[in-house]
Amino acid sequence: MTYLKRTLRVGFAWLEAGFDRIFTPACNPLYHLGALGFLYYWVVVASGFYLYIFFDTGLTEAYDSIESITYQQWYLGGVMRSLHRYASDGMIAMMAIHMLREFALDRYRGARWFTWFTGLPILWMVYAAGISGYWLVWDMLAQYIAIATTEWLDWLPIVGGTIARNFLNPERLDDRFFTLMVFMHIFVPLFLLFVLWIHLQRVTRPTFNPPRMLAGGTLLMLLVLSLLKPAESQPRADLDVVPSQVGLDWFYLPAYPLMDIWSNGAVWALAAIGTLLFVLLPWLPPLRRAQAARVDLDNCNGCTRCADDCPYAAIEMRPRSDDRPFEREAVVADSLCVSCGICVGSCPTSMPFRRATELVPGIDLPDLALRELRDRVDAAAAALTAGPRIVVFGCAHGVDPESLSGPAVAAIRLPCIGMLPPSFVDYVLSRNRADGVMLTGCSAGECHNRFGVDWTLARLNRTRDPRLRNRVPTQRIATLWTAPVEVWTHHRRLADFAERLQGLAATEARDDAEKAAE
Amino acid sequence: MSKLLMLVGQVIVYGGIAMWLGYFANSPVYTHLSPDKALIKLSIVHTAQRKGECRRRTAEELAAMPPNMRTPLDCPRERLPVLIEILLDGETIYRESLVAAGLAHGGKTRAYARFPVSAGEHMLVARMVDSARSVGYDYEHSARITLSPRENFVIDFRAETGGFRFVEPPDDA
């Protein structure tokens, strides 16, 4: 499992690095798979509404009405039908890659089990909606699916074994069948919205829409595909004839050949085992979780910044439980906390300058306390033997900062770059621990902990609390956000940064000399 | 990377996704049944005879029962298993003894099976035993049939109309 995950992770990392260059990190499709899934969903819904206006329920009318939509108004109805089909397939594709990527990045265990778990009914419902849609066309493919599905359902003893008899010959089938299927095809996607809402309950600030450029590109791609290769029906269904060869939609129907090759019972077993495995995966094995963040009430003034910044809704502000003169206090839900440390970075009491009293912020990570972080910075900076001296703060999910260490570079690894309070940058520079500070982490737009990069940039740009103090010379700060495989970019940027710092030093020396001469 | 190269890259990626979606939306074609074959489909729902004899209730027994439940016959619930045999050109292609549905086996007996066969002329025989007899069959039907390629030929059963029905598609199918 670990090997599989690592292989997938490396594969995704290379793909992401390539897409970062082609699309820019902000529009990288791999960082917006969930939002792209939503986009495809809305295309399916919108095109479905249009098709429903012209769709006729009936044994012969269904096929005729769809043929009419496809050919008589190919310029709109035909395009809508194609969009309906390809967007449905796109939705499956996005869901599959989304799941695979979350699995590879280990974002399905621990506090994230709930989101993974609620993805399962979404998967089943999308399949149910898609397959019922294929029935409605009532062509040879629909006939094949209808018979195979009912035979599969009949395998269950509780069903009674008589559903497939409805498709024995034409005299047994009536128009009510289409009414039932239309109801299912509309009701299931509507209910799906509700399940999607549950799916995102533990995700703060979820992204529903992809960036405009990406959405525009995706829609254009679907439109061009619909015009070049319009979706068409297969020959009209005829229960007197066996659909011997069918063009399957392999996104929705890959299990159907298995019903022929194996048996219906085996496919039920596959579905049951697959479902069970999916449900149990977050605990196979369970994530060895770092200790959750701890609130120190003596230092917490209930400012709410940690609750605002937490990407997992793991911090709640509650009425004060002690006698300090503040309205609220932060309370951490251990089961939701992933120990990313973003809350520590957001806390205004995370001040490394504090020496008179022990450095204990309002909220801290037991496994990497802020005091320990300051000690590490001091020790690593003191060991630098060459110049210009640079302290690199790196995220554990990006390029390994240790790989950048050297005589002039001290690397400090953090669970997330968002854990770094901006005061640490001030501390390193103003206390002359180094000549420059470099911050690195996950690719912009795809922070492993969702908002670590965004919040860090906003703090450095002084647009989000806690802000970098104005006295800090920003020319001595460098940031780099890339996919974890881009080690060469880091070395290049580090060399550029060192050169810049040398230039700054030379300029400052010249300025000092001029001042002395005056 | 220059804007032109980015654009070319995006066109390649979107093109690749479009090809992926466009191709696998209905390709490759799956052969469910070889086009030169026909399908014989057996589908039966039948209530077999009861396992035991019905007994006429005595007047005393009836008087002891609630008025709305005074049925003259006391019949065992369980039904006999149904034996079904299908022979094609003298060869047995299906032979199953099927128990009735339900915990007490008091429901209907159901059979469903598919037999892909080569198109052409065949001798088809269907037989059923739904009683306690040990010799012979309660229902039997045979016919020489001609199956065309991809034909869906149904073996149905309706006891009220005499038993087995071989349902062939109309000639213009």
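As the structure is a computational prediction, the values presented were derived from the model and not from experiment. (Residues numbered from 1 in each chain as written. Chains lettered and ligands numbered in written order. Predicted model: local features only at pLDDT ≥ 70, side-chain atom pairs only at ≥ 80, totals over all residues.)

A. Structural detail: the overall build of chain B. Of the regular secondary structure elements, chain B holds two helices and eleven strands. Tracing chain B from N to C terminus, the helices and strands come up as α-β-β-β-α-β-β-β-β-β-β-β-β. In terms of overall size, chain B is more extended than a compact globule, its C-alpha atoms giving a radius of gyration of 28 Å where 173 residues would be expected to give roughly 16 Å. Its C-alpha atoms give chain B principal-axis dimensions of roughly 100 × 50 × 30 Å. Intrachain contacts of chain B at a sequence separation of at least 6 include 60% that bridge at least 24 residues. (Helix = DSSP H or I, 4+ residues; strand = E, 2+ residues; numbered from the N terminus. Rg over C-alpha atoms; globule rule 2.2 N^0.38 Å. Contact = placed C-beta atoms within 7 Å.)

B. Focus on the overall build of chain A. Helix and strand content of chain A: 17 helices and nine strands. Its C-alpha atoms give chain A principal-axis dimensions of roughly 105 × 50 × 40 Å. Per-residue burial over chain A gives 42% buried out of 518 residues. The long-range share in chain A, meaning contacts at least 24 apart out of those at least 6 apart in sequence, stands at 72%. (Buried ≥ 20, exposed ≤ 12 C-beta atoms within 10 Å, placed from the backbone.)

C. Quick peek at the environment of Arg289(A). All names here are of chain A. Secondary-structure assignment places arginine 289 in the loop between α11 (264-280) and β2 (294-295). You can call arginine 289 partly exposed: it has 15 C-beta atoms within 10 Å. Arginine 289 sits 237 residues away from tyrosine 52 along the chain, and the two C-alpha atoms are 49 Å apart. Leave out the neighbours within four places in its chain, and arginine 289 touches Gly110 and Ser339.

D. Geometry of the environment of Leu219(A). All names here are of chain A. Here leucine 219 shows up in helix α9 (residues 212-228). With 15 C-beta atoms counted inside 10 Å, the residue leucine 219 sits in the partly exposed group. Sequence spacing of leucine 219 and arginine 320 is 101 residues, and the spatial spacing of their C-alpha atoms is 50 Å.

E. Broad picture of the sheet that holds strand β11 (residues 163-167) of chain B. Residues and elements named next belong to chain B. Pairing within the open sheet is mixed, and its four strands lie in the order β7-β2-β10-β11. Each edge of the open sheet carries a strand with a single partner, namely β7 (109-118) and β11. Averaged over all adjacent pairs, the angle separating strand axes in this sheet is 15°, with direction ignored. (Pairing = 2+ DSSP bridges. Axes fitted to C-alpha atoms, helices over the stretch in contact; angles between N-to-C directions.)

F. Representation of the interface of chain B and chain A within the structure. Contacts between the two partners involve 35 residues from chain B, matched on the other side by 37 residues from chain A. When residues of the side of chain B that touches chain A are traced back to their parent elements, those giving at least two are α1 (3-24), β1 (29-31), β2 (37-46), β7 and β10 (152-158) of chain B. With ten residues, α1(B) is the largest single contributor of residues to the side of chain B that touches chain A. A per-class count over the side of chain B that touches chain A returns 20 nonpolar, ten polar and five charged. Note that strand β1 (residues 245-247) of chain A and β1(B) share three bridges and pair antiparallel. (Nonpolar A, V, L, I, M, F, W, Y, C, P; charged D, E, K, R; others polar.)

G. The pairing of strand β8 (residues 120-129) of chain B, seen in detail. The pairing of strand β5 (residues 82-88) of chain B with β8(B) spans six bridges and is classified as antiparallel. Across the sheet, Glu85(B) pairs through a bridge with Arg127(B), a residue of β8(B).

H. Representation of the confidence of the model for chain B in the model. Per-residue confidence for chain B gives a mean pLDDT of 91, with 98% of residues at or over 70. Among the prediction metrics, the complex's ipTM stands at 0.87, with pTM recorded as 0.86. (pLDDT = per-residue confidence, 0-100.)

I. Highlighting the nonpolar core. In this structure, Tyr40(A), Ala87(A), Met91(A), Ala142(A) and Ile145(A) are the most contacted members of the largest nonpolar core, which totals 62 residues. Looking at this core, the elements with two or more residues in it are α2 (33-54), α3 (61-72), α4 (74-104), α6 (119-137), α7 (140-154), α8 (176-199) and α9 of chain A together with α1 of chain B. Take this core: its biggest share by element is ten residues, from α4(A). Ignoring sequence-local partners within four residues, the contact set of Tyr40(A) consists of Ala87(A), Gly90(A), Met91(A) and Met94(A). Core analysis: the second largest hydrophobic core is formed by 59 residues, Val338(A), Cys442(A), Phe497(A) and Leu501(A) among them. (Core = buried A, V, L, I, M, F, W, Y, C linked by C-beta atoms within 7 Å.)

J. Quick look at the sheet that holds strand β8 (residues 436-441) of chain A. All names here are of chain A. Strands sit in the order β7-β6-β8-β9 across an open sheet of four strands; the sheet is parallel. Looking at the sheet topology across the chains shown, the edges are occupied by β7 (409-414) and β9 (477-481). Pairwise comparison of adjacent strand axes, ignoring direction, gives a mean angle of 15° for this sheet.

K. Quick peek at the packing of α4(A) against α9(A). All names here are of chain A. Contact pair α4 / α9: the axes reach a minimum separation of 9 Å and the direction vectors enclose 120°. Between α4 and α9, the crossing angle belongs to the class labelled oblique. Two packed elements cross with a definite hand, and for α4 against α9 that hand is right-handed. Seen from α4, the contacting residues are Val79, Ser82, Leu83, Tyr86 and Ala87; seen from α9, they are Leu222, Leu225, Ser226 and Leu227. (Parallel < 35°, antiparallel > 145°, perpendicular 65-115°, else oblique. Left-handed = near helix turned anticlockwise from the far one by under 90°.)

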